[in-house]
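Results of the structural survey
Given next are the chains, with one letter for each unit.
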Amino acid sequence: MAQKPIGVFDSGVGGLSVLRHLQALLPAEQLIYLADQGHVPYGSRSAAEIIQFSQGISQFFLQLNVKLIVVACNTASAALSLLRQQFALPFVGMEPAVKPAAEQTQSGKVGILATSGTFASKRYARLTAQYAQGISVWEDPCVGLVSEIEAGRLDGPEVCYILQQALAPMLAAGVDTIVLGCTHYPFVLPVVKEIVGTAVPIIDPAPAIARQTSVVLRQRNLLADAASVGSVRFITTGKAASFAQQVEQLLGLAEAEVETAVWDGDQLSVAQ
Ligand code: DGL
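In this report, we go over the structure that sits alongside the text. Nothing here was measured: the structure is a model prediction, and the numbers come from that model.

The rules behind the values
- Residues numbered from 1 in each chain as written.
- Predicted model: local features only at pLDDT ≥ 70, side-chain atom pairs only at ≥ 80, totals over all residues.
- Heavy atoms only, no water.
- Core = buried A, V, L, I, M, F, W, Y, C linked by side-chain atoms within 4.5 Å.
- Buried < 20%, exposed > 50% of the residue type's maximum accessible area, 1.4 Å probe, protein only.
- Helix = DSSP H or I, 4+ residues; strand = E, 2+ residues; numbered from the N terminus.
- Contact = heavy atoms within 4.5 Å.
- Axes fitted to C-alpha atoms, helices over the stretch in contact; angles between N-to-C directions.
- Parallel < 35°, antiparallel > 145°, perpendicular 65-115°, else oblique.
- Left-handed = near helix turned anticlockwise from the far one by under 90°.
- Polar contact = N/O pair within 3.5 Å; in protein donor to acceptor, adjacent residues only side chain to side chain.
- Near = heavy atom within 4 Å.
- Areas by Shrake-Rupley, 256 points an atom, 1.4 Å probe, with all protein chains shown as cover.
- Pairing = 2+ DSSP bridges.
- Nonpolar A, V, L, I, M, F, W, Y, C, P; charged D, E, K, R; others polar.

For the rest of this paragraph, the subject is the nonpolar core. Of all hydrophobic cores here, the largest spans 53 residues; its most connected members are Leu 16, Val 70, Leu 113 and Leu 163. A total of 6 residues in this core trace back to one element, the largest contributor, which is helix H8 (residues 157–172). The residues contacting Val 70, other than those within four sequence positions of it, are Ile 6, Gly 7, Val 8, Phe 9, Val 18, Leu 22, Val 92, Ile 209 and Thr 213. Residues Leu 34, Val 71, Phe 87 and Leu 268 belong to the second largest nonpolar core, which totals 24 residues.

This part covers the packing of helix H1 (residues 16–25) against helix H11 (residues 240–251). The geometry of H1 relative to H11 is characterised by a closest axis approach of 11 Å and an angle of 60° between their N-to-C directions. Taken as axis vectors, H1 and H11 run oblique relative to one another. Crossing hand, H1 versus H11: right-handed. Here Leu 16, Leu 19, Arg 20 and Gln 23 of H1 come into contact with H11, specifically with Phe 243, Val 247, Leu 250 and Leu 251.

Moving on, we get to the side chain of Glu 148. With respect to the helices, strands and loops of the structure, Glu 148 is situated in helix H7 (residues 145–150). Only 2.8 Å separates the side chain of Glu 148 from the side chain of Arg 153, close enough to count as a polar contact.

With that settled, the discussion passes to the environment of Val 8. Tracing the backbone shows Val 8 in strand E1 (residues 6–10). Considering only alpha carbons, one finds Val 8 and Ser 107, 99 residues apart in sequence, at a separation of 36 Å. For Val 8, the residues in contact, after removing those within four places along its chain, are Leu 19, Leu 22, Ile 32, Tyr 33, Leu 34, Phe 61, Val 70 and Ala 72.

This part takes up the side chain of Asn 74. With respect to the helices and strands, the residue Asn 74 is situated in the loop between strand E3 (68–71) and helix H3 (80–86). Side-chain polar atoms of Asn 74 contact the backbone oxygen of Gly 181, separated by 3.1 Å. Each residue touching Asn 74, except ones within four places of it in the same chain, is listed here: Met 94, Glu 95, Pro 96, Thr 118, Gly 181, Cys 182 and Thr 183.

It is worth spelling out the site of the ligand at this point. Around the ligand, the surrounding shell holds 14 residues, and the nearest of these are Ser 11, Tyr 42, Gly 43, Thr 75 and His 184. Here Gly 43 contributes a backbone N or O atom positioned 2.7 Å from an oxygen atom of the ligand. Contact between the ligand and His 184: a nitrogen atom at 2.8 Å from a side-chain N or O atom of the residue. Relative to its free-state accessible area of 290 Å², the ligand is covered by the protein chains to the extent of 99%.

This part is about the sheet that holds strand E5 (residues 109–113). Strands sit in the order E6-E5-E7-E8 across an open sheet of 4 strands; the sheet is parallel. Because the sheet does not close on itself, it has two edges, and the strands there are strand E6 (136–140) and strand E8 (202–203). Relative to E6, E5 runs parallel, the two sharing 5 bridges. Following the sheet pairing, Leu 113 is matched in E6 by Asp 140. Sitting on the sheet, H8 touches E5, E6 and strand E7 (177–180), and the angle it makes with E5 is about 165°.

Moving on: the sheet that holds strand E2 (residues 30–35). Strands sit in the order E4-E3-E1-E2-E9-E10-E11 across an open sheet of 7 strands; the sheet is mixed. What marks the edges here is a single partner per strand, and that holds for strand E4 (91–93) and strand E11 (267–270). Ignoring which end each strand starts from, the neighbouring axes of this sheet average 25° apart. For E1 and E3, the ladder comprises 4 bridges, and the chain directions are parallel. Bridge pairing links Gly 7 to Ile 69 in E3. Against the sheet, H1 engages E1, E2, E3 and strand E9 (231–236), with an angle of about 180° to E2.

What follows concerns the packing of H1 against helix H10 (residues 206–219). H10 packs onto H1 with a crossing angle of 45° between their chain directions and a minimal axis gap of 8 Å. Overall, the two elements H1 and H10 adopt an arrangement that is oblique. For the pair H1 and H10, the sense of crossing is right-handed. On H10, the residues touching Ser 17, Val 18, His 21, Leu 22 and Leu 25 of H1 are Ala 206, Pro 207, Ile 209, Ala 210, Arg 211, Thr 213 and Ser 214. Here the contact of H1 with H10 is composed, by residue class, of 7 nonpolar, 4 polar and 1 charged.

Put into C-alpha cells, the structure is as follows:
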C-alpha cells in the first residue's frame, strides 16, 4: 500500500511549484504529476467545469492506483469537499494563505493574488469569513498572468505590467503582507519581489501543503519505505513536447519524459 504513488494535479505548470516541495520533503515517494493543459486556464471557468475536470482526474488517478491526491491548484481546491465525499482516498488541497496573512499583518491590510475562480468560490468566502475578521483584504485576479507563465514568459513586459497593476494599489493602500493564492505565481516571485521590495513578506502556501501531505501520509501509515528511491511521472492533456520543455525550464531538469493523456467526455486515459 505504502509503495503506491501519489497523484498531483493542476491545470498546467503551476502545481510544479508544489511538486518541487513534495520532492524535497518526501524523496522516497513516487509522484505522478498531471497537467490538464487541454483545459488551462481553470481560473476563468465555471465551478461546474472545475468540478467535472477534478472528478475526471481523480478517477484517472484511482485507475493508476494512487494512495493520496494532492490538488496542487487553488482553483480546483474549491471542489475538495465534493471530491472527499466521492472518492475513498485522502486528498490534500491548496488554501490561499488567508489565515497566516491575517496573523502576520501589522497594518491589518493584506493583499491576495489568486484567480477569479478562487475568489468566487465558497471555500474562499468561508476562509475570509473565518480568519480575516477585522482585516482589510485586497484582491486581484491578475488576469492573463497564468497564460504568460504557461507560455514560459516569467519576467516579460506583460508579466511586469500585470503584477504592477495588481500590486501598486495594494501597496499604496498600506498592505504589508502578500499571498500567492495561485500555484502558478511562485514562478514569477522575482518580479513580485522587485515590485514590493523586501519589507513586505510574500506568502507561498506550497511548503505548508508539502508538510501537510507528509502528516497525512504518516497518520495513515502510507509513507513510502525510507530506503525507496522516489520518482516523478509527468503527464499532460496538452502537448507532450512543450510540457517537457516547461518542466525542464521550471524544475531545472536536463531532460523530462512526458506522457499524454486524453479526455473522452469526462473520462481521462493515458494515450497509447
Ligand atoms: N494554478 C491554479 C491555481 O492555483 C490555476 C490557474 C489557472 O489555470 O487559472 O489556481
